[in-house]
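Architecture and fold: a report
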Amino acid sequence: QQVERKPSEATAYLTLALFYESLERPSDALATLDRALAVAPEDERVLTLRAQYLLAAKPDDPAARKEARGLLDQVLARNPDSVVGLFTEAKLLLHDGRREDAPKRLEPVVQTQPSANAHYLLATAYTRMRRDDLARAQLLEALAMDATSPRIHADLAALYLRTGEA
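This section reports on the structure supplied with the text.

What counts as what
Residues numbered from 1 in each chain as written. Predicted model: local features only at pLDDT ≥ 70, side-chain atom pairs only at ≥ 80, totals over all residues. Heavy atoms only, no water. Phe/Tyr/Trp six-rings, centres within 6.5 Å; stacked < 30°, edge-to-face > 60°. Buried < 20%, exposed > 50% of the residue type's maximum accessible area, 1.4 Å probe, protein only. Lys NZ or Arg CZ within 6 Å of the ring centre and 35° of its normal. Helix = DSSP H or I, 4+ residues; strand = E, 2+ residues; numbered from the N terminus. Expected span 1.5 Å × (residues − 1). Arc of directions from axis to C-beta. Contact = heavy atoms within 4.5 Å. Axes fitted to C-alpha atoms, helices over the stretch in contact; angles between N-to-C directions. Parallel < 35°, antiparallel > 145°, perpendicular 65-115°, else oblique. Left-handed = near helix turned anticlockwise from the far one by under 90°. Nonpolar A, V, L, I, M, F, W, Y, C, P; charged D, E, K, R; others polar. Salt bridge = Lys/Arg side-chain N within 4 Å of Asp/Glu carboxyl O.

1. As for the packing of aromatic side chains
Under the criterion given, the structure shown has 1 aromatic pair. Ring centres of Phe19 and Tyr20 lie 6.1 Å apart, and the angle between their planes is 45°; this geometry places the pair in the tilted category. For Phe19, a relative accessible area of 45% gives the class partly exposed. Judged by its relative accessible area of 17%, Tyr20 falls in the buried class. Positioned above the aromatic ring of Tyr120 is the side chain of Arg151, whose terminal nitrogen or guanidinium carbon lies 4.2 Å from the ring centre.

2. Some words on helix α10 (residues 150-162)
Here α10 spans 18 Å end to end across 13 residues, near enough to the 18 Å set by a 1.5 Å rise per residue. Those residues of α10 not exposed but buried are Ile152, Leu156 and Leu159. For α10, the buried positions fall inside an angular range of 60° around the axis, keeping them on one side. Facing away from the buried surface of α10 by more than 90 degrees, the exposed residues are Pro150 and Leu161. Of the surrounding secondary structure, the elements contacted by the buried residues of α10 are α8 (116-128) and α9 (132-145).

3. What about the environment of Ala118?
Residue placement: Ala118 occurs in helix α8. With 28 residues separating them in the primary sequence, Ala118 and Ala90 have C-alpha atoms 9.7 Å apart. Residues in contact with Ala118, not counting those within four places in the same chain, are Phe87, Leu106, Val109 and Val110.

4. Digging into unusual backbone geometry
Even without being a glycine, Glu24 presents a positive backbone phi close to 60°. Examined against the element boundaries, Glu24 turns out to sit in the loop between α2 (10-22) and α3 (26-39). In this structure, Arg130 takes a positive phi of about 65° despite not being glycine. Locating Arg130 in the fold gives a position in the loop between α8 and α9. A residue is classified by how much of its surface remains accessible, and Arg130, at 55% relative accessible area, is exposed.

5. With respect to the packing of α8 against α10
Packing of α8 against α10 leaves a shortest axis separation of 11 Å and a crossing angle of 30°. Taken together, the axis directions place α8 and α10 in an arrangement best described as roughly parallel. In this structure, α8 meets α10 at a crossing whose hand is left-handed. Here α8 contributes Ala116, Asn117, Tyr120 and Thr127 to the contact with α10, which in turn contributes Arg151, Ile152, Asp155 and Arg162. The class makeup of the residues in the contact of α8 with α10 is 3 nonpolar, 2 polar and 3 charged.

6. As for the pattern of salt bridges
Where side chains of opposite charge bring their charged atoms close, a pairing between them can arise. Counting across every chain of the model gives 15 salt bridges. Among the ionic pairs, Arg65 bridges to Asp96, the shortest N-O distance being 2.8 Å. One end of the pair, Arg65, is in helix α5 (residues 62-78); the other, Asp96, is in the loop between α6 (83-95) and α7 (102-112), and 31 residues separate them in sequence. The exposure class assigned to Arg65 is partly exposed, which follows from its relative accessible area of 24%. Among the ionic pairs, Asp73 bridges to Arg69, the shortest N-O distance being 3.1 Å. Taken together, the positions of Asp73 and Arg69, both in helix α5 and 4 residues apart, correspond to about one turn of that helix.

Structure (structure tokens):
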């Protein structure tokens, strides 16, 4: 209904895209974000969400990754400190095996807008780099923010087992 009432506002399309994603309808979510881009081609929220959905829906598709990279480049060219842009770029870097580059994007994110997801993703980068002390510290930060997350508990347990701390 929001889209019908306010077809020129990106927020309505973002809400609809999130709804489609919650229903596990990624193609509808991406199509809705295309409509949002037609209305607001420079909206950081739309650009980064489309990049995230492309990475999630088509993780091994080089064309999708190239499009996601282009969207993130647009966002970060306009706003180099974009928290969601930096976070999404770090996800792309990790997916591409560039684990050493991901912390450079994530450290400002956890400083300016700490979240369990940001700390967890930074821990993932450090784990892949075998920087166990840094990974542990980030997992503990993530756990303090979301004590119910099974993935944080599992990764922390795996780290403790691997380092002989269990």
